[in-house]
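Each chain is listed here by its residues.
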Amino acid sequence: MTIPYPTKQTATAFTEVEPPSGAPRPRLSFLGTGYLGATYAICFAELGYEVLGFDVDEAKIAKLAGGQVPFHEPGLDELLRRNLAGGRLRFTTSYAEVADFADVHFICVGTPQRADGMGADLAYVETSVTRLARHLTRRALIVGKSTVPVGTADWVEQLVAKHTDPALRVEVAWSPEFLQEGFAVEDVLRPNRIVVGAKTDWANGLLYAAHKGVFDLAATEDREVPLVVTDFATAELVKVAANAFLATKISFINAMAEVCEVAGGDVTQLARAIGYDPRIGNRFLQAGVGFGGGCLPKDIRAFQARAQELGAGEALRFLHEVDLVNLRRRGRVLQLAAELLGRRAGPAGPDLSGTRIAVLGAAFKPNSDDVRDSPSLAIAATLTKAGADVRIYDPQGIENARTAQPTLTYAGTMAEAVTDAELVCVLTEWAEFRNADPQALGELVAQRLVIDGRNCLDSALWARAGWQYRGMGRPHPQV
Ligand code: UDX
């Protein structure tokens, strides 16, 4: 039976359905134990569910089964070890085992940008769904979590229909995630909303049972978790719309930074002032070298590509500008570096040969070791290409940075990176850099020039310690 779709519902509107496995609570599997799947698997075990994590990557599965999280996420290691020991959490590379075990299968595989364009590559979704479907021997619910182009859930439903016996009545639902790296454990255990795209009462009821741990935890803390139950298309769009909005907000303030730079304004004060208006809000208004990471850049590109395919390309044309503003901020650092180091731009851009630059930050944001589409690392590569001798330091991201950009030069400590540098660029706002003593760093460098790519330093303090300071969208401080 198809149920109507009100725009907002409370969890109590649903009745739990009995899991097909006969277990008292639905058993859950998470296919793809990358950042998303591993975090969900571990946190749902913590909520008391029996969980099986699956990946085709045997090394990753061996690490997780041995109690090691293969990426940096605060608090996750401890939860992994506790739930492995508690016996609620296991990992496998066998589709047959997954199919036999779980009632609800969450698809958490990657959907990277296609090599031949801006769209999302759905090859991993196709493989995981098809191979799982072929192994199913009883009723189950397959729930997409990966970020996908609108229309994917319908296609997944067709794949499932093609590869399962119709008598099993396997169903599909879509439930996007909104994890922020560095806060992912909280975002799973205490989400600010749950969005579900489902077609039947059975799918809704089973998904409700699969999330009951989240609602129960909220109830014990006297909180409510809003639940939005909707159709497939809306559920898919919610995720990309949210990321498009966040990216637009960041590029908006970075566009204001560009204007401040030529008009002599200070974007940090401007952001503060507009942010007091509750309709605007002060979050995600931090001007700097822009957004990166595994989500925002690729998601706004895939969203444009999909809108174009659907004939609504014009509606999202502004996202192209959002992308351009974002990328221009990276170029601004090169421009500032040349200006501070007294280098003039030739036809191929500024020539920085013979200069020594320290880049502080490689991760796309602090408290993460993720360097995917990281502005810091991209800028370090550009400075190197312009001829500078660049030394990069990051508290967590060096290993991944070295894999992504093996030809760049890395330092083991902040002191090592800045020693003898003629210019220091702070490009990721780690606490270690924000709290650094400009006087002590000044003793190590060849000259006291600093670019604050995240507007995270106390400009007056640095200026007093004798540094020439340049922020993003800010006037030069008067000492
Ligand atoms: C993002 C979304 O926030 C999350 O909801 C979604 O599920 C995945 O994508 P994440 O990639 O972890 O999460 O990073 P986020 O904290 O959103 O930051 C993205 C980038 O924007 C970072 O590079 C950050 O430095 C930059 N940023 C953020 C700014 O430049 N200014 C800001 O004000 C905020």
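From a predicted model like this one, the values you see are computed outputs, not experimental measurements. (Residues numbered from 1 in each chain as written. Predicted model: local features only at pLDDT ≥ 70, side-chain atom pairs only at ≥ 80, totals over all residues. Heavy atoms only, no water.)

Go over the layout of surface pockets with me, naming the residues and quoting the values.
Of the pockets and cavities examined, the second largest pocket occupies roughly 230 Å³. Forming the boundary of the second largest pocket are Val267, Thr268, Ala271, Arg272, Gly275, Tyr276, Asn282, Leu285, Gln286, Ala287, Asn455 and Arg474. When the residues that make up the lining of the second largest pocket are grouped by side-chain class, the tally is five nonpolar, five polar and two charged. (1 Å grid on protein atoms, 1.4 Å probe; cavity = no way out; pocket = protein on both sides within 12 Å on 5 of 7 lines; lining within 4 Å. Points joined across faces, edges and corners; volume = space filled by probe spheres on them. Nonpolar A, V, L, I, M, F, W, Y, C, P; charged D, E, K, R; others polar.)

Quick rundown of the side chain of Asn83? Include the residues and the values.
Mapping Asn83 onto the fold places it in helix H3 (residues 76–85). Residues within four places of Asn83 in sequence aside, it is in contact with Ile42, Ala45, Glu46, Arg88 and Leu89. (Helix = DSSP H or I, 4+ residues; strand = E, 2+ residues; numbered from the N terminus. Contact = heavy atoms within 4.5 Å.)

Provide a residue-level description of the pairing of strand S8 (residues 227–230), including the pertinent values.
Looking at chain direction, strand S7 (residues 194–197) and S8 are connected through four bridges and run parallel. Looking at the pairing, Val195 lines up with Val228 of S8. (Pairing = 2+ DSSP bridges.)

Now, about the site of the ligand: what can you tell me, with residues and values included?
In the vicinity of the ligand, 20 residues are found, and the nearest of them are Leu179, Glu181, Gln286, Phe364 and Lys365. Taking Phe364, its main chain carries an N or O atom lying 2.9 Å from an oxygen atom of the ligand. A distance of 3.2 Å is found between an oxygen atom of the ligand and a side-chain nitrogen or oxygen belonging to Arg454. In the complex, the protein chains occlude 92% of the 670 Å² of accessible area that the ligand would expose alone. The element best represented in the shell around the ligand is helix H9 (residues 232–263), accounting for four residues. Two domains each provide a minimum of three residues to the shell around the ligand, namely domain 1 (2–230) and domain 2 (233–479). (Near = heavy atom within 4 Å. Polar contact = N/O pair within 3.5 Å; in protein donor to acceptor, adjacent residues only side chain to side chain. Areas by Shrake-Rupley, 256 points an atom, 1.4 Å probe, with all protein chains shown as cover. Domains from an automatic or database assignment.)

Tell me what's going on with the packing of aromatic side chains, and back it up with residues and numbers.
Using the criterion set out here, one finds 11 aromatic pairs in the structure. For the pair Phe30 and Phe106, a centre-to-centre distance of 4.8 Å together with 10 degrees between the ring planes defines the contact as stacked. Taken together, the residues Phe30 in strand S1 (residues 28–31) and Phe106 in strand S4 (residues 104–107) connect sequence positions 76 residues apart. When its relative accessible area of 0% is taken as the criterion, Phe30 is described as buried. (Phe/Tyr/Trp six-rings, centres within 6.5 Å; stacked < 30°, edge-to-face > 60°. Buried < 20%, exposed > 50% of the residue type's maximum accessible area, 1.4 Å probe, protein only.)

Hey, could you go over helix H13 (residues 375–385) for me, with residue numbers and the actual values?
Of all the positions in H13, only Pro375, Ser376, Leu377, Ile379, Ala380 and Leu383 are classed as buried. Following H13 by one or two positions, Gly387 has its phi on the positive side, about 110 degrees.

Explain the pattern of salt bridges to me, and be specific about the residues and the numbers.
One pass over the structure, following the stated rule, counts 30 salt bridges. Linking Arg90 and Glu97 is a salt bridge whose minimum nitrogen-to-oxygen distance equals 2.8 Å. Overlapping salt bridges bring together Glu186, Arg190, Glu221 and Arg223 as one network. (Salt bridge = Lys/Arg side-chain N within 4 Å of Asp/Glu carboxyl O.)

Just give me the short version of the sheet that holds strand S11 (residues 356–360), but keep the residues and values in it.
Read from one edge to the other, the open sheet built from six strands follows the order S13-S12-S11-S14-S15-S16, with strand pairing classed as parallel. Pairing within the sheet leaves two strands with one partner each, and these edge strands are strand S13 (409–410) and strand S16 (468–470). Examined bridge by bridge, strand S14 (residues 423–426) and strand S15 (residues 449–452) share three bridges and lie parallel to one another. Note on S15: the bridge partner recorded for Cys425 is Ile451. In the packing of helix H12 (residues 317–340) onto the sheet, contacts are made with S14, S15 and S16, and the angle to S15 comes to roughly 165 degrees. Sheet contacts for H13: S11, strand S12 (389–393), S13 and S14; angle to S12, the most-contacted strand, approximately 160 degrees. (Axes fitted to C-alpha atoms, helices over the stretch in contact; angles between N-to-C directions.)

Help me get a handle on the nonpolar core, residues and values and all.
Among the nonpolar cores identified, the biggest contains 49 residues, and Leu28, Phe30, Phe44, Val51, Leu89, Phe106 and Leu141 are the most heavily contacted of them. Apart from residues no more than four positions distant in its own chain, Leu89 is found in contact with Ala41, Ile42, Ala45, Val51, Leu80, Asn83 and Leu84. With 31 residues, the next largest nonpolar core counts Leu336, Ile357, Ala362 and Met472 among its residues. (Core = buried A, V, L, I, M, F, W, Y, C linked by side-chain atoms within 4.5 Å.)

Give a detailed account of the environment of Asp100, specifying residues and quantitative values.
Following the sequence through the fold, Asp100 ends up in helix H4 (residues 95–101). In this structure Asp100 comes out as exposed when scored by relative accessible area, which is 53%. For the pair Asp100 and Gly75, spaced 25 residues apart in the sequence, the C-alpha separation amounts to 31 Å. Not counting residues up to four positions away in its chain, the partners in contact with Asp100 are Arg27 and Arg138.

Outline the domain arrangement of the protein, listing residues and values.
Each assigned domain of the protein is listed with its residue range as follows: domain 1 (2–230) and domain 2 (233–479). Spacing between the C-alpha centres of domain 1 and domain 2 amounts to 34 Å. Across the boundary between the two partners, domain 1 contributes 28 residues, which contact 25 residues of domain 2. Summing both partners gives a buried area of about 2,200 Å² for domain 1 against domain 2, and 59% of it is carried by carbon and sulfur. Among the residues of domain 1 in contact with domain 2, His72, Val150 and Glu181 are the three that bury the most area, contributing 33% of the side total. Applying the counting rule to domain 1 against domain 2 returns two salt bridges. Put simply, domain 1 and domain 2 have 13 residue pairs in polar contact (both at pLDDT 80 or more) between them. (Buried area = accessible area lost by both parts, 1.4 Å probe.)

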